[in-house]
Protein chains: 2
Amino acid sequence: MLRVGINGYGTIGKRVADAIRAQPDMEVAGVAKVSPDYVAVGAAEADYPLYAVDEDRADGFHEAGLELAGTVDELVAESDIVVDATPSGIGAENRPLYEHHDTPALFQGGEDATIAEVSFNARANYDEATDADYVRVVSCNTTGLSRFVAPIHEDYGIEKVRTTLIRRGGDPNQIGRGPINDAVPDPVSIPSHHGPDVQTVFPELDIDTIGLKVPTTMMHVHAVNVTLEEEPDSVEEVRNRLREEDRLLLIPEYAGIDGAGTLKDLALDAGRPRGDIWENCIWEESITVEGRDLYCMQAVHQEADVVPENVDAIRSVTGLLDGPESRAVTNETLGIGLRRLETSEERAADRQTAD
Amino acid sequence: MLRVGINGYGTIGKRVADAIRAQPDMEVAGVAKVSPDYVAVGAAEADYPLYAVDEDRADGFHEAGLELAGTVDELVAESDIVVDATPSGIGAENRPLYEHHDTPALFQGGEDATIAEVSFNARANYDEATDADYVRVVSCNTTGLSRFVAPIHEDYGIEKVRTTLIRRGGDPNQIGRGPINDAVPDPVSIPSHHGPDVQTVFPELDIDTIGLKVPTTMMHVHAVNVTLEEEPDSVEEVRNRLREEDRLLLIPEYAGIDGAGTLKDLALDAGRPRGDIWENCIWEESITVEGRDLYCMQAVHQEADVVPENVDAIRSVTGLLDGPESRAVTNETLGIGLRRLETSEERAADRQTAD
């Protein structure tokens, strides 16, 4: 049983911890946290051994009635591998700690790509992380783009990707972020850093991205254009190709899913933990082919889509399973794929089978 | 086993259905729905018999691969009692249907109070609905105010309530509602209809309310003032009194819960279905006593707080249990109360007991 330490127990860390617990081949060694707040209480309720990042704040944990298992240094010593889910930039400060203990580590996409040997996406380059000591799981947006690009690249070839990222302003629990009433070019320079970030996964890909921020907290939405090398026979062919991908969900028209709010409502209805949507959600009607130009709109849940990628990255680094095996186990254990979004044909077929 | 039909399977209806399923003394006879959308698919996935409100749209259900058990008329005939959770105003149109079948029915707070013999809150007037044929479960805001007012009224007496309701603009899945960038006096007349609505539960209460709408979707927030008849000994006494109430949650300072977003995040962390918060959430620091004036701020989850009230109203109307018994069963089966929001003293005590 691989023992995984989680350094940073916030939006991503708490989700990665729960995902690891759901795996048959790994367990949570403990989680390290700065503040004794409601999220720390949640870690204690979930019976994750709790480690203090900052020894000076240990008293705060005790005052909140929270028991500490030790310091982050001890957690790293206890762990076979660490998932660093600290805020952007802190991962880089933590790397010497992992080096000191000779412990492999995953970093998140908020870190600079130079922090690690490999920038990782489970669908695109699983094998490249095998035996690496330090791996960066790319950001939510880059994960979403990489998953979409991979099958299109394989089947049609890509001349160029041009994508506009309408980014959420902050997460639901971040009251201090914005904008609160604007569509803000961010960054104002073009291409935004997202294109080059996708190139850390697909080095040969020609991609330009434009980024903006809007006052929403639920999901990022991408307006995607891909100029293909080879023209598809039909739009239906492209839709069917995308439907085969395990971490892409096509949203059928009949479902009445008109935005990120309904998507989240659907995920909550389906009993998803925290209403998480691990898959890219592509509006089926938006998938359009004009000659060699492919278009679509997809929503990406910034709190969740990197979670299965972290689980797979752990297996790649430690050599536990190969890529298809790992993705299959991760999908199965998390419950990736939503039967509720089957096409009406699939649903009717299910019904007939049941009859 | 009491058979409960749900007419209207939207935000409230789907939650009430799940809550009924969790009870030992009642079951869902079926749910009636207008549109064959993702929510209808959810009903099918949950194995609730699905009835079409509009026979002309039966084809749409079939095209979506959804099997129908019949029409809403048949559902009413099948049911011992109906929960009408249709949009505001539709309940009034439906009442003749329930009368025709001689089936008792609950309506929601969006209906005019005259639709029913009793306006109901489980904490305040459980017994008044016993043996009534038609009962209106008051709205989310009125429920939140009634729960707060009840214990204060009993212990200190109330000279006057003055409350400002900062209302959410729409639910997360309602893309067509607003405002999107304003704080809108709504209604602009004072008192807003909320005060008189609380008086349908507490006829003698002197209460004025002011209502506004803001561009949020998560929870309503109430800024409450109550002028008491009798001055409390201390603010701590009031806090402890409120802490005893099963459907009031006090938010301790250490938890770092700074808004509705963190409250929802907490509820999702705790594994609450759909992240629902059935209780009023009162910021403990905001509970303030100035002479005979009591102040606080509380958040009310518009999608969820009436759900346990509907369950209790079913038991009151049908005489299944008395008020304290019903509330206890509802609380236990839904999981009302959040251990994560215990005071640090309670948590420390728990820890000592465990040692």
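In this report, the structure presented in the accompanying data block is examined.

Quick notes on the rules
Residues numbered from 1 in each chain as written. Chains lettered and ligands numbered in written order. Predicted model: local features only at pLDDT ≥ 70, side-chain atom pairs only at ≥ 80, totals over all residues. Heavy atoms only, no water. Least-squares fit on C-alpha atoms with pLDDT ≥ 70 in both. Contact = heavy atoms within 4.5 Å. Helix = DSSP H or I, 4+ residues; strand = E, 2+ residues; numbered from the N terminus. Buried < 20%, exposed > 50% of the residue type's maximum accessible area, 1.4 Å probe, protein only. Buried area = accessible area lost by both parts, 1.4 Å probe. Salt bridge = Lys/Arg side-chain N within 4 Å of Asp/Glu carboxyl O. Polar contact = N/O pair within 3.5 Å; in protein donor to acceptor, adjacent residues only side chain to side chain. Pairing = 2+ DSSP bridges. Axes fitted to C-alpha atoms, helices over the stretch in contact; angles between N-to-C directions. Patch = residues over 30% accessible without salt bridge, like charges linked within 9 Å, V, L, I, M, F, W, Y side chains within 5 Å. Areas by Shrake-Rupley, 256 points an atom, 1.4 Å probe, with all protein chains shown as cover. Lys, Arg positive; Asp, Glu negative; His and termini not counted. Charge placed at Lys NZ, Arg CZ, Asp CG, Glu CD.

Observations regarding the relation of the copies chain B and chain A
- Once chain B has been moved 0.0 Å along the axis and rotated by 180°, it coincides with chain A to within an RMSD of 0.0 Å. Expressed as an axis order, the relation between the two copies is that of a two-fold axis. By C-alpha distance to the rotation axis, the residue of chain B lying nearest is Asn181(B), at 3.4 Å.
- Interface residue correspondence from chain B to chain A reaches 97%, placing this contact among same-surface, isologous pairings.

Description of the side chain of Asp276(B)
All names here are of chain B.
- Residue placement: Asp276 occurs in the loop between helix 10 (260-269) and strand 14 (280-283).
- Given a relative accessible area of 3%, Asp276 falls into the buried group.
- If near-sequence neighbours (up to four positions away) are discounted, Asp276 is found in contact with Arg15, Ala267, His301 and Ala304.

Structural notes on the interface of chain B and chain A
- With 39 residues of chain B at the interface, the matching set in chain A holds 38 residues.
- Contact between chain B and chain A buries roughly 3500 Å² in total, counting both sides, with carbon and sulfur atoms accounting for 52%.
- Linking chain B to chain A there are 8 salt bridges.
- A salt bridge links Asp269(A) to Arg274(B), with the shortest nitrogen-to-oxygen separation between them at 2.6 Å.
- Counting across the chain B and chain A interface gives 15 residue pairs in polar contact (both at pLDDT 80 or more).

What to know about helix 10 (residues 260-269) of chain A
- Taken across its 10 residues, helix 10 of chain A has 10 buried, putting it largely inside the fold.
- Among all positions in helix 10 of chain A, only Ala260(A), Gly261(A), Thr262(A), Leu263(A), Lys264(A), Asp265(A), Leu266(A), Ala267(A), Leu268(A) and Asp269(A) are buried.
- Against strand 13 (248-251), strand 14 (280-283) and strand 16 (293-300) of chain A together with helix 1 (11-21), helix 2 (38-45) and helix 10 of chain B lie the buried residues of helix 10 of chain A.
- At the C-terminal side of helix 10 of chain A, Gly271(A) shows a positive phi close to 80°.

Quick notes on the side chain of Arg315(B)
- Positionally, Arg315(B) belongs in helix 11 (residues 307-318).
- When near neighbours in sequence (up to four residues on either side) are disregarded, Arg315(B) contacts Gln23(B), Pro24(B), Asp25(B), Met26(B), Tyr126(B), Leu320(B), Leu321(B), Ser326(B), Val329(B) and Thr330(B).

Structural notes on the sheet that holds strand 8 (residues 134-137) of chain A
All names here are of chain A.
- Pairing within the open sheet is parallel, and its 8 strands lie in the order 4-3-2-1-5-6-8-7. Strand pairing shows two members of the sheet lacking a second neighbour, strand 4 (70-71) and strand 7 (118-120), which therefore form its edges.
- Across 3 bridges, the pairing between strand 7 and strand 8 is parallel. Along strand 8, the bridge assignment pairs Ser119 with Arg136.
- The sheet strands contacting helix 1 (residues 11-21) are strand 1 (2-7), strand 2 (26-33) and strand 5 (81-84), and the helix crosses strand 2 at an angle near 160°.

A look at a negative patch on the surface
- On the surface, a cluster of negative charge is contributed by Glu55(A), Asp56(A), Asp73(A) and Glu74(A).
- When you line up the elements, Glu74(A) lands in helix 4 (residues 72-78).

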